[in-house]
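# Summary of structural features
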Amino acid sequence: MELIYFSKTGNIKRFIHKIENNAISGNADLLVNKPFILITYTTGMGQVPAEVDTFCENNKGFLMGVIASGNKNWGSLYGLSADIISDKYNVPVLMKFELSGNIYDIEKFKEIYKGMVKNELF
Ligand SMILES: Cc1cc2nc3c(=O)[nH]c(=O)nc-3n(C[C@H](O)[C@H](O)[C@H](O)COP(=O)(O)O)c2cc1C
């Protein structure tokens, strides 16, 4: 299970460093030929970043689930990019976290990732 992330201001990059995963930094042109989990930030007013939108459209066949980083200051728009992608591509929102995540987010991610890898094998 690949992990593809997009990070504009560095929060998700910091999260990735904390989880010690061989994650790949995404871009609009990247083509992934394996099942993957996407981690994206949320931009605008609860929007999916344009580069992530393009990436998803080009790789929707292998998208298994989505995680969003956001900020709860945005209220009902918190991590909305994950919900939008979930609806559009019919994949689960695996989790959301604020900014670069806390220790509970790291543990949660590890459990989720383990479960996804298991599902992939059996
Ligand atoms: C212009 C702008 C708009 C944002 N809009 C939202 C939003 O609608 N909802 C949300 O939850 N977070 C929003 N955020 C917060 C970012 O998604 C959050 O800081 C995230 O951790 C950024 O990840 P990155 O540092 O890896 O790019 C916004 C941040 C910026 C700078």
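Just above sits the structure.
Predicted model only: the values in this text are computed from it and were never measured. (Residues numbered from 1 in each chain as written. Predicted model: local features only at pLDDT ≥ 70, side-chain atom pairs only at ≥ 80, totals over all residues.)

### Notes on the overall build of the chain
The number of helices and strands found in the chain is 4 helices and 5 strands. Its C-alpha atoms give the chain a radius of gyration of 13 Å, within 12% of the compact-globule value 14 Å for 122 residues. Dimensions of the chain along its principal axes, counting C-alpha atoms only, are 40 × 30 × 20 Å. Burial analysis of the chain (122 residues in total) assigns 30% to the buried set. Across the chain, the fraction of contacts at a sequence separation of at least 24, relative to all contacts at a separation of at least 6, is 72%. (Helix = DSSP H or I, 4+ residues; strand = E, 2+ residues; numbered from the N terminus. Rg over C-alpha atoms; globule rule 2.2 N^0.38 Å. Buried ≥ 20, exposed ≤ 12 C-beta atoms within 10 Å, placed from the backbone. Contact = placed C-beta atoms within 7 Å.)

### With respect to unusual backbone geometry
A positive phi angle, near 50°, is found at E20, a position not held by glycine. Following the sequence through the fold, E20 ends up in the loop between α1 (11-19) and β2 (24-25). Owing to 9 C-beta atoms within 10 Å, E20 belongs among the exposed residues under this scheme. Of note in this structure, N90 is not a glycine but carries a positive phi near 55°.

### Focus: the site of the ligand
With respect to spatial proximity, 22 residues lie near the ligand, and among them S7, K8, N11, Y41 and G70 are the closest. When residues of the shell around the ligand are traced back to their parent elements, those giving at least two are α1 and β4 (63-70). Looking at the shell around the ligand, the element that brings in the most residues is α1, giving 3 residues. (Near = placed C-beta within 6 Å.)

### Description of the sheet that holds strand β1 (residues 2-5)
Strand order in the open sheet formed by 5 strands is β2-β1-β3-β4-β5, with parallel pairing between adjacent strands. In this open sheet, the two strands that pair with only one neighbour each are β2 and β5 (93-98). The sheet contact formed by β1 and strand β3 (residues 36-41) spans 4 bridges and is parallel. Bridged to E2 within β3 is F36. In this fold helix α4 (residues 103-121) packs onto β3, β4 and β5, with an angle of close to 165° to the strand it touches most, β5. (Pairing = 2+ DSSP bridges. Axes fitted to C-alpha atoms, helices over the stretch in contact; angles between N-to-C directions.)

### Thoughts on the nonpolar core
Among the nonpolar cores identified, the biggest contains 25 residues, and I12, L38, V66 and I67 are the most heavily contacted of them. When residues of this core are traced back to their parent elements, those giving at least two are β1, α1, β3, α2 (50-59), β4, α3 (80-89) and β5. Per-element tally for this core: the top contributor is β3, with 5 residues. (Core = buried A, V, L, I, M, F, W, Y, C linked by C-beta atoms within 7 Å.)

### Section: the environment of E51
Tracing the sequence through the fold places E51 in helix α2. Among the residues examined, E51 registers 17 C-beta atoms within 10 Å and is labelled partly exposed. Remark: the alpha-carbon pair of E51 and F6, spanning 45 residues in sequence, is separated by 8.5 Å. Excluding residues within four positions of it along the chain, E51 makes contact with F6, N27 and A28.

### A word on α3
Those residues of α3 that fall on the buried side of the exposure criterion are L80, S81, A82, I84 and I85. Buried positions along α3 lie against β3, α2, β4 and β5. Note on α3: the residue one or two positions beyond its end, N90, has a positive phi of about 55°.

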